[in-house]
Amino acid sequence: DVKVTQSSRYLVKRTGEKVFLECVQDMDHENMFWYRQDPGLGLRLIYFSYDVKMKEKGDIPEGYSVSREKKERFSLILESASTNQTSMYLCASSLSASGSYEQYFGPGTRLTVT
Amino acid sequence: AQKVTQAQTEISVVEKEDVTLDCVYETRDTTYYLFWYKQPPSGELVFLIRRNSFDEQNEISGRYSWNFQKSTSSFNFTITASQVVDSAVYFCALSEARYGGATNKLIFGTGTLLAVQP
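Residues numbered from 1 in each chain as written. Chains lettered and ligands numbered in written order. Predicted model: local features only at pLDDT ≥ 70, side-chain atom pairs only at ≥ 80, totals over all residues. Heavy atoms only, no water.

Draft legend 1. Region of the structure containing the state of the cysteines. Applying the stated criterion to the full structure yields 2 disulfides over all chains. The disulfide partner of Cys23 of chain A is Cys91 of chain A, and the gap between their sulfur atoms is 1.8 Å. Torsion about the S-S bond of the Cys23 of chain A and Cys91 of chain A cystine: about -75 degrees, corresponding to left-handed handedness. Here Cys23 of chain A, found in strand E3 (residues 19–25), pairs with Cys91 of chain A, found in strand E9 (residues 87–94); they are 68 residues apart in sequence, far enough to count as distant. For the pair Cys23 of chain A and Cys91 of chain A, one class covers both residues: buried. Put simply, Cys23 of chain B and Cys92 of chain B are joined by a disulfide, and their sulfur atoms are 2.0 Å apart. (Disulfide = S-S within 2.5 Å. Helix = DSSP H or I, 4+ residues; strand = E, 2+ residues; numbered from the N terminus. Buried < 20%, exposed > 50% of the residue type's maximum accessible area, 1.4 Å probe, protein only.)

Draft legend 2. Quick look at the packing of aromatic side chains. Applying the stated criterion across every chain yields a total of 21 aromatic pairs over all chains. Judged by centre distance (6.2 Å) and plane angle (25 degrees), the rings of Phe33 of chain A and Tyr35 of chain A are stacked. Assigned by exposure class, Phe33 of chain A and Tyr35 of chain A land together as buried. With centroids separated by 6.0 Å and ring planes inclined at 50 degrees, the aromatic side chains of Tyr37 of chain B and Phe108 of chain B adopt a geometry described as tilted. Here Phe108 of chain B lies in strand E11 (residues 101–108) and Tyr37 of chain B lies in strand E5 (residues 33–39), a separation of 71 residues in the sequence. In this structure, Tyr37 of chain B and Phe108 of chain B share a single accessibility class: buried. Cluster of aromatic residues (ring-pair linked, three or more members): Phe33, Tyr35, Phe48, Tyr50 and Phe105 of chain A together with Phe35, Tyr37, Phe47, Phe91 and Phe108 of chain B. (Phe/Tyr/Trp six-rings, centres within 6.5 Å; stacked < 30°, edge-to-face > 60°.)

Read these as layout, nothing more, since geometry by itself doesn't imply function.
Set out below in structure tokens:
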């Protein structure tokens with residue numbers, strides 16, 4: 001079974017802090033994704049990566065950056081956390097860039113910025 | 001523009017009732033994929049099914065069935081004899097098309113919260 005793990009289930013940070021969310025997958029997948037989930041808005045794509053050191057902006061990249069130094073690990077960075085970044089963050093991976101492959105999700109990190 | 005609409009925000013049923021979750025999509029591409037995911041209270045999205053645009057056969061998996069109709073751009077999900085464990089948020093998604101092919105970027109609907117009462 002594919003396993004996608006995220007470093008924390010719950011996180012509380014202060015405004016202005018730099019925040020790192022880590023995601024690891026164990027199935028040698030090429031693609032990795034970061035989403036945020038907010039009530040009434042569904043899942044919105046922040047960034048994705050289709051290879052090591054490669055990244056592409058999603059629909060809402062502002063205020064975020066990402067890092068993919070190793071194939072299995074994809075990090076989301078909030079450079080200076082703000083209260084409007086309080087949300088559920090979900091990481092996902094998929095085998096390749098083809099649209100035929102499903103994405104596998106981690107358990108999510110609920111981030112609260114105070 | 002591509003879009004997925006799940007008009008039902010919340011549905012509440014009593015155990016053993018059948019329930020259908022609606023999904024309507026918009027795309028101008030001929031090649032695309034549709035997905036359903038389940039998000040139980042634990043939070044992790046679980047993949048349920050994938051359908052490609054060239055296969056309109058309905059699919060049944062146990063108590064779950066899916067009805068894909070290109071004519072109405074719909075991909076509806078029916079749970080027969082619902083159970084309390086079916087309580088979750090269900091998301092429909094469409095693969096984004098770019099450069100003539102379907103990519104792995106997904107466009108999600110806003111989800112339908114299904115509550116199954118005992």
